[in-house]
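Single-letter residue listing:
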Amino acid sequence: MSDRIGRIFLVTGNSNKLLEVRSILGPYGIRVEPARVEKVEVQGDIELVSRVAAVIASSELLEPVVVDDSGLYVEVLNGFPGPYSSYAYEKLGNSGLLKLMEGQKDRRATFRCAVTYADALSREIKAFAGEVEGFIRLRPGKENGFGFDPIFSVEGPEGKPFSELSVEEKDRVSHR
Ligand code: ITT
C-alpha cells in the first residue's frame, strides 16, 4: 500500500485541533500527521480561508492535506467574531467576549467549521461544512480544551461547557 493512501496532513498551528481531528478520523483508518508548512490565511469568510490555505499547502507539500478553519458566530453581535475569531480570541480572550455579552439575555451562538481536503497531485478539492448551535455561558467554565471551549455550551448559558467534555464527547456534538 502506498504511503499516500490512508494518510493526510493537517495544516494547523493548533495542537488541540490536531488531537480532535485525529480522534475523529482515526476510526476511519485515516492517519493524520501535522503538516510542516504554514497555514496561509487570506482575509475572507472561513470557506475561502480554508480553501486557499489547503490548495497552497498541498502544492507546497505535494501531499493530500486538510485545513479546518473555524469561527464562533454570536447572534446578538451580528455574527461577530465569525471569521475574525482568532484575532478576537487573541485580543479579547474569553473574558473580553463575556464582557461584550454583559447584560445580554440572548446568548445564542454558533460554531462553524469549514474543512477543505486538497490533493495537488490528483487535483482533487473537496469542501465540507459543520456547525453546532449553542450558547455563550454566563461565566467561564474550567480552563481546558482550547479557544472558546470554556465559554461555549450546547445546553444553555449555564450548561456544561465544551471545556468540561472529553475529546470524544465534544467530537460527538461539535462543529468539527
Ligand atoms: P489554525 O488556524 O492554525 O488551525 P486556530 O486555533 O487559529 O488554528 P481557527 O482559525 O480555526 O484555529 O479558529 C479561530 C478561533 O476559534 C481560534 O481562536 C480558536 O481557538 C477558536 N476555535 C476554533 N475551534 C474551536 C473549538 O472547537 N473550540 C473552541 N474554540 C475554537
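For the structure, check the block above.
All figures in this text were calculated on a predicted structure; none of them were measured in a lab.

With that settled, the discussion passes to the packing of aromatic side chains. Enumeration according to the criterion identifies five aromatic pairs in this entry. Both rings, one in Phe111 and one in Phe162, keep their centres 6.2 Å apart while their planes meet at 0 degrees; by these two values the pair is stacked. Of this pair, Phe111 sits in strand β5 (residues 108–119) while Phe162 sits in the loop between β7 (152–153) and α4 (167–173), placing them 51 residues apart in sequence. For Phe111, a relative accessible area of 7% corresponds to the buried category. Aromatic rings pair up to connect Tyr89, Phe111, Phe148, Phe152 and Phe162 into one cluster.

Moving on: the pairing of strand β2 (residues 31–34). Alignment of strand β1 (residues 7–10) against β2, held across four bridges, turns out to be parallel. The residue of β2 that forms the bridge with Phe9 is Glu33. Taking the sense of rotation as the criterion, the β-α-β connection linking β1, helix α1 (residues 15–25) and β2 turns out right-handed.

Size it by volume and the largest pocket reaches roughly 620 Å³. What lines the largest pocket is a set of 30 residues, among which Lys17, Asp69, Ser70, Ser85 and Ser86 lie closest to the centre. If you list the elements that add at least two residues to the lining of the largest pocket, you get β3 (65–74) and α3 (85–100). Approximately 410 Å³ is the volume attributed to the second largest pocket. Lining the second largest pocket are 18 residues, and of these Ile8, Leu25, Val66, Val115 and Phe128 lie nearest its centre. Classifying every residue of the lining of the second largest pocket gives twelve nonpolar, three polar and three charged.

Cut-off values and rules
- Residues numbered from 1 in each chain as written.
- Predicted model: local features only at pLDDT ≥ 70, side-chain atom pairs only at ≥ 80, totals over all residues.
- Heavy atoms only, no water.
- Phe/Tyr/Trp six-rings, centres within 6.5 Å; stacked < 30°, edge-to-face > 60°.
- Helix = DSSP H or I, 4+ residues; strand = E, 2+ residues; numbered from the N terminus.
- Buried < 20%, exposed > 50% of the residue type's maximum accessible area, 1.4 Å probe, protein only.
- Pairing = 2+ DSSP bridges.
- Right-handed = clockwise from strand over helix to strand, strands pointing away.
- 1 Å grid on protein atoms, 1.4 Å probe; cavity = no way out; pocket = protein on both sides within 12 Å on 5 of 7 lines; lining within 4 Å.
- Points joined across faces, edges and corners; volume = space filled by probe spheres on them.
- Nonpolar A, V, L, I, M, F, W, Y, C, P; charged D, E, K, R; others polar.

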